[in-house]
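Residue-level structural notes
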Amino acid sequence: MSGRFVRSSKYRHVFGRSTRKEQCYDNLRVSKNAWDTNLVKVNPKYLSVNWESGGGGAFAVVPLEERGKLPERIPLFRGHTAVVLDTDWNPFNDDLIASCSDDGKIFLWRVPDNFTLHPDVEPDDIQDVSPVGKLSGHPRKVGHVLFNPAAENILASASGDFTVKIWDIEAGAPKLTLNIGDVVQSQSWSANGSLLVTTSRDKKLRVWDVRQERPAQETQGHSGAKNSRAVWLGEHDRVATTGFSKMSDRQLALWDIRAPREPINGFKVLDSISGVCMPFWDDGTQCLYLAGRGDGNIRYFEYENDKFEYLSEYKSGDPQRGIAFMPKRGVNMHENEVVRAYKTVNDTYIEPISFIVPRRSEMFQDDIYPPSIGLKPAMGPSEWFAGKEAIPPKISLASLYDGAGLKEVTGVQDAPTSTMGAPAPKPAEPERKPEPVKKAAEPAPAATPTYRAPPPSMKDQGASMAAMVNKFADDEEKEADDSSSFEEVSKPVERPSVTVSSAKERVVESRPSPSASQPTPTSASSTPTAPVASPASTASIPTDAVQREMQAIRELIAEQTKTIASQAEQVHNLTNEIESLKAKLG
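Here the structure is a predicted model, which is why all the values come from computation and not from measurement.

Brief notes about the overall build of the chain
Scanning the chain from terminus to terminus reveals seven helices and 32 strands. Within the chain, the proportion of its 586 residues that are buried is 47%. Only carbon and sulfur atoms are counted for the fraction: they give 51% of the accessible area of the chain, which is about 29000 Å².

Shown next as structure tokens:
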């Protein structure tokens, strides 16, 4: 019985595929700094890695096509005077990247044209890359940088001075400051770039109205002492957080940003592993990926009906300290790859992990590749600071699949990130009144020969009623056979009203319309000497027909009522059986 109630999902069989060592990015020196960041970031062209180096801080940029073992000496992005803590790629320009450091500085970098880790020069002549811009304003170390996903050249930086500054990198100055009050552990933008969610060491979850420089919502987050992470669920008004309980169990929580006093359905315990869970949201599949810091597992859930439905888990014996997820426009759609992650292994190499939907078709799978955000921002910095809210235009992934390049399918969407508006109500069914049936019993004027032609016989009407009942009975059997969930059994509830209304319409149609005043040739010839019927006699025929029709309708309703009662009893029994199975598995 349990197989009948398996939840339907096209991502149920998604599996993670590892990469052979020779196809990984080997001979790296990943930073061993203990600051809690992801260590690596990726876009469709490059991979950035926080580098373990002496004499200041640096990070490396690796072109994705240069796999295998890297040279001992490679060009680094060097300029910080202390260790680099975080980097972030500009979402609208794959050659621009921002970095932050323990020295309190934020640097902006541009990847040189034709950049390679195998330059045709002597190792001692390899030149490091210098920054193209510097942002100064934090007196203490800067631990996180994150570009706005909707507005161009807007950057958020979280510092040890307990603030988050919002930068206009074109102007090179901070325009807004959010006073957090404690060390920020993670931050995530909403899809339209107007709100920012933060978690901090004081165990508070805050949703910031950034341009007002104040928290729109603030609530108690995970109660454990270890770090907590937050990620915005795309265009939904939901935020997912990972953290720890007081007993150091790893937890997952889903929050409604409109009323975040308590998480939806409470805190869900994942396991008792001590490493921080790094969450990543994939908007195309509506799936949440959780990668454990210090273990090799990546589990993934599908978001549906305000719940995270567990799908599966990628397990590996090689633990990761850092991980990055590729933007959707960079995945391999010819292999039905929906997500690609890049994880660090032993601080020496980075391994790509492909999450694939197993399908045999070699055609473009449009159901798993909806339109995705491209390279065009929704607005400029000045528009954003002026208060504009919009989601960037989306591109067709089918055009990328066909090699036609980026092709927009939607313009800038002037809509909020969240689904704050209630869904539009369904149009109400027009109420069907029995008055037309009553009118059939009214006597017609005696002066007009309207009723000289006999009405349709009861035999003909009974045949049409039987055909109608058979049609709906067949549909019920089909629904019962094809249903995969007991929730669909309630559909026949709507059918009696349809059947009754159809029958009533047929009764109304059985009355000859006033416009049909001329008798047909057949009726005229068959009764050439018949006297004109009196009003009473002419009314008796349709009255009798209506009564018989109504009796047939009542019998049909009684039959349908019995069917509904029987199906309701089946639903009740199935529900009890499910509850008992849950209790046994419990």
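Observations regarding the pattern of salt bridges
Counted according to the given criterion, the structure contains 33 salt bridges. For Glu-22, the salt bridge identified is with Arg-20, shortest N-O distance 2.9 Å. A relative accessible area of 54% means that Arg-20 is categorised as exposed. Its salt-bridge partner being Glu-218, residue Arg-206 comes within 3.5 Å of it at the nearest N-O pair. You can see Arg-206 sitting in strand β18 (residues 204–209) and its partner Glu-218 sitting in strand β19 (residues 214–220), a full twelve residues away along the chain. Glu-218 gets classed as partly exposed once you look at its relative accessible area, which sits at 43%. Among the charged side chains, a salt-bridge network with shared partners connects Asp-237, Arg-238, Asp-256, Arg-258 and Asp-306.

Quick word on the pairing of strand β13 (residues 154–159)
Extensive coverage of β13 is indicated by the burial of six of its six residues. Where burial is concerned, the two faces of β13 agree: the one with Ile-154, Ala-156 and Ala-158 and the one with Leu-155, Ser-157 and Ser-159 are both buried. Both strand β12 (residues 142–147) and β13 contribute to a ladder of five bridges, which runs antiparallel. Residue pairing for β13: Leu-146 is matched across the bridge by Ala-156. Between the end of β12 and the start of β13, which pair antiparallel, lie six residues, with Asn-153 showing a positive phi angle near 60°. In this structure, β13 lies alongside strand β14 (residues 163–168), joined through five bridges in antiparallel fashion. Within the sheet, the bridge partner assigned to Ser-157 lies in β14 and is Lys-165. Hairpin connection of β13 to β14: three residues between the antiparallel strands, including Phe-162 at a positive phi of 70°.

Points about the environment of Leu-233
Here Leu-233 is to be found in the loop between β20 (229–232) and β21 (238–244). With relative accessibility at 0%, the residue Leu-233 sits in the buried group. For Leu-233 and Leu-288, which are 55 residues apart along the polypeptide, the C-alpha to C-alpha distance reads 8.4 Å. Setting aside residues up to four positions removed in sequence, Leu-233 forms contacts with Arg-238, Val-239, Ala-240, Leu-254, Trp-281, Leu-288, Tyr-303 and Phe-308.

Thoughts on the sheet that holds β13
Taken together, four strands build an open sheet; the order of strands is β12-β13-β14-β15 and the sheet is antiparallel. Sheet topology places β12 and β15 (173–179) at the edges, where each strand pairs with a single neighbour. When strand polarity is set aside, the average angle formed by the axes of neighbouring strands in this sheet is 25°. With six bridges joining them, β14 and β15 adopt antiparallel strand pairing. The residue bridging Trp-167 from the neighbouring strand is Pro-174, located in β15.

Concerning the nonpolar core
One finds Leu-47, Tyr-289 and Phe-355 to be the most contacted residues of the largest nonpolar core, which totals 59 residues. Of the residues forming this core, the biggest block, five residues, is contributed by strand β5 (residues 57–63). Leaving out residues up to four positions away in the same chain, Phe-355 has contacts with Val-14, Phe-15, Gly-16, Tyr-289, Ile-298, Tyr-300, Tyr-314, Asn-336, Glu-337, Val-338, Val-339 and Ala-341.

Concerning the packing of aromatic side chains
Tallied over the entire structure, the rule returns 21 aromatic pairs. Geometrically, the ring pair formed by Phe-301 and Tyr-310 is edge-to-face, given 5.6 Å between the ring centres and 70° between the ring planes. Accessibility expressed as a relative area gives 2% for Phe-301, which makes it buried. Taking 5.7 Å as the distance between ring centres and 25° as the angle between the ring planes, the aromatic pair formed by Phe-364 and Tyr-369 counts as stacked. Per residue, the accessibility class of Phe-364 equals that of Tyr-369, and both read buried. Here a set of aromatic residues connected by ring pairs shows up, and it is made of Phe-280, Tyr-289, Tyr-300, Tyr-314, Phe-325 and Phe-355. It is Lys-21 that lies over the ring of Tyr-349; its NZ or CZ is 4.6 Å from the centre.

Focus on the side chain of Ser-316
Looking at the secondary structure, you find Ser-316 in the loop between β27 (307–314) and β28 (323–325). The class of Ser-316 is buried, set by a relative accessible area of 19%. In this structure the side chain of Ser-316 is engaged in a polar contact, spanning 3.5 Å, whose partner is the side chain of Lys-343.

About the cut-offs
- Throughout this document, residue positions are counted from 1 along each chain, in the order its sequence is written.
- In keeping with the model being predicted, local features are shown solely for residues with a pLDDT of at least 70 and side-chain atom pairs are shown and tallied solely at 80 or more, while totals for entire chains, interfaces and linings include all residues.
- Note that the side-chain values use all heavy atoms of the structure and ignore hydrogens as well as water.
- The numbering of helices and of strands both runs from the N terminus, where a helix is a DSSP run of H or I of at least 4 residues and a strand a run of E of at least 2.
- Only protein chains enter the area calculation, which uses a 1.4 Å probe; residues under 20% of their type maximum are buried, those over 50% are exposed, and those in between are partly exposed.
- Calculation of accessible area relied on Shrake-Rupley with a 1.4 Å probe; when residues are assessed, cover is drawn exclusively from the protein chains displayed.
- Think of a salt bridge as a Lys or Arg side-chain nitrogen and an Asp or Glu carboxyl oxygen that are within 4 Å of each other.
- DSSP calls a pair of strands paired once it identifies at least 2 bridges connecting them.
- The contact criterion used is simple: two residues touch if any of their non-hydrogen atoms lie within 4.5 Å.
- A fitted line through C-alpha atoms represents every axis, and for helices the fit uses only the stretch in contact; the resulting angles, taken between N-to-C directions, go from 0 to 180 degrees.
- The term nonpolar core refers to a set of buried residues drawn from Ala, Val, Leu, Ile, Met, Phe, Trp, Tyr and Cys, joined through side-chain atoms within 4.5 Å.
- Pairing of aromatic rings covers Phe, Tyr and Trp, the last through its six-membered ring, and needs centres within 6.5 Å; plane angles under 30 degrees mean stacked, over 60 mean edge-to-face, and all others mean tilted.
- Here, a charge over a ring means that NZ of Lys or CZ of Arg falls within 6 Å of the ring centre while also lying within 35 degrees of the ring normal.
- Think of a polar contact as two N or O atoms within 3.5 Å of one another; within protein, one of them needs to be a possible hydrogen donor and the other a possible acceptor, and neighboring residues in sequence only count if both atoms come from side chains.

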